[in-house]
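# Summary of structural features
Chain by chain, the residues:
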Amino acid sequence: MKIIKVECLPVSTPLKKPVYMPNTRITRIDSLVLKLHTDDGRIGFADSGDTSSWYRGESQDSMASMICDVFAPRILLGEDPRRIEKIVGRMDLLGRDNNQAKSVVDFALHDLKGKILGVPVYELLGGRTVDGARLGWVLSAGRPADVVAEARAALAHGFSLLKLKTGHGTLDDDVAMVSAVREAIGPDVRLTVDANGFWTYEEALKTIRRLDRHGLELIEQPLPHWDIEGMARLRDKVGTPIYADESAQELHHVKEIIDRRAADGLFIKTQKAGGLLKSQRWLTMARLSGLPVMCGCMIGSGLETSPAAHLWVADQWASQYLNEALGPLMIHGVWNSADIPAGADIALNIPRFQDGMLYPNEGPGLGIELNEEFLLRNRTEGKQPRSVSL
């Protein structure tokens, strides 16, 4: 068995309402769908999720180029798709960084291998530990009254934690938003704040000290991704636990965070880690250090959500903690997957989101049926699909 064709399809999915983060207003999800074809007619596929110039530094074009110009001709074409360890290792040798591009290949390989063996991806990851992943709800930055209303609704729909994004105005506005939400939901609800690495050290120190009184579960990535030493200094001077996201990318970054004692916990994204195989290594390092891990997402379709859904029910360490892979709900502005209109997503059968829980699909591979009509209708304007064949 071998891979004989690689396809990259640029897709843009509109959001029902914009998502606000520091210096960022997201109105659509620009992602890349990958198809890997084998000589026996099977197809494995995956969705990159949203691309971001400031988070991963990758785009639809950069991923398509890395996959079609490097990975396909030098690694994938002619290779047995079941040899995931070998392929991932070669991608790391031939491509520096580009973890989102690598992750899409990894996801599609896992989908393909599951289809070949006739099992769900979670079986390839060690088997099922829990039935579903408990979810936290991520709230876009905004006016206090609007954020409070959304927070109350999220709790009413069963979500276990609330994460507040910053950046809708000044730091004073951020503090006012957090204060309003905490007052509205009471002292016992799990509440976090994510600065996405946009604060300076001085801003972070002053702001977190103002927020300490609100009993937050954690502050996520208060400093730029490169400032691990600053995270360590900051952690010693504030009362709220500090978690690393943007700083915790490659395994050597995770090791540095652990060695410097720069965080109380970590956030993983399967795209940031470079795929499911490398995410398992990432989680092992967290387990060895006793660090809790929450799961974020790049915001994407039901197909984008699927790898994280399978990982979170399989990995015993990860399954203890919350998952924030909410992409389809955020795109369509709903609380449960049953409320998403038929045919409105890249996936025809979105993984089940219900009452603040996420459940992976049960079919072979990722268990996703691809919505080909959606891919054609929502092709990114001005961009063409790319394919490479053996």
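In the block above lies the structure referred to throughout.
Let me begin by describing the structure that accompanies this report.

Quick notes on the rules
- Residues numbered from 1 in each chain as written.
- Predicted model: local features only at pLDDT ≥ 70, side-chain atom pairs only at ≥ 80, totals over all residues.
- Heavy atoms only, no water.
- Helix = DSSP H or I, 4+ residues; strand = E, 2+ residues; numbered from the N terminus.
- Buried < 20%, exposed > 50% of the residue type's maximum accessible area, 1.4 Å probe, protein only.
- Polar contact = N/O pair within 3.5 Å; in protein donor to acceptor, adjacent residues only side chain to side chain.
- Contact = heavy atoms within 4.5 Å.
- Pairing = 2+ DSSP bridges.
- Axes fitted to C-alpha atoms, helices over the stretch in contact; angles between N-to-C directions.
- Phe/Tyr/Trp six-rings, centres within 6.5 Å; stacked < 30°, edge-to-face > 60°.
- Lys NZ or Arg CZ within 6 Å of the ring centre and 35° of its normal.

Quick look at the side chain of S247 now. For S247, the position within the fold is in the loop between β9 (242–244) and α9 (251–260). By relative accessible area, S247 is classed as buried at 2%. Polar side-chain contacts of S247 include one of 2.9 Å to the side chain of Q221. Among all residues touching S247, those that are not within four sequence positions of it are Q221, P224, H225, I228, M231, H253 and I257.

The next point concerns the sheet that holds strand β6 (residues 162–165). With parallel pairing, 7 strands are arranged side by side in an open sheet as β5-β6-β7-β8-β9-β10-β11. Both edges of this open sheet fall to β5 (137–139) and β11 (293–295), since each of them pairs with a single strand only. On average, adjacent strands in this sheet sit at an angle of 30 degrees to one another, irrespective of strand direction. Of the pairings in the sheet, the one linking strand β8 (residues 218–220) to β9 comprises 2 bridges and is parallel in character. Across the sheet, the residue bridging to I219 is I242, located in β9. Running at roughly 160 degrees to β6, helix α6 (residues 171–185) makes contact with β6 and β7 (191–194) of the sheet.

The subject of this paragraph is the packing of aromatic side chains. On inspection of all chains with the given rule, the structure shows 5 aromatic pairs. Pairing F159 with W335 gives two aromatic rings, centres 6.0 Å apart and planes at 55 degrees, and the pair type is tilted. With F159 in the loop between α5 (144–156) and β6 and W335 in the loop between α14 (327–332) and β12 (352–354), the pair connects residues that are 176 residues apart, well separated along the chain. The class for F159 is buried, based on a relative accessible area of 4%. In textbook terms, an aromatic cluster arises when at least three aromatic residues are bridged by ring pairs, as seen for W137, F159 and W335. Just above the ring of F45 sits the side chain of K115; from NZ or CZ to the centre is 3.8 Å.

Turning our eyes to something else, we now look at the sheet that holds strand β13 (residues 357–359). Taken together, the 3 strands give an open sheet; going across it, the order is β4-β13-β12, and neighbouring strands pair in antiparallel fashion. The sheet terminates laterally at β4 (133–134) and β12, the two strands that pair on one side only. Judged from the 2 bridges that link them, β4 and β13 form a sheet pairing that is antiparallel. From the neighbouring strand, R134 faces β13, where its bridge partner is M357.

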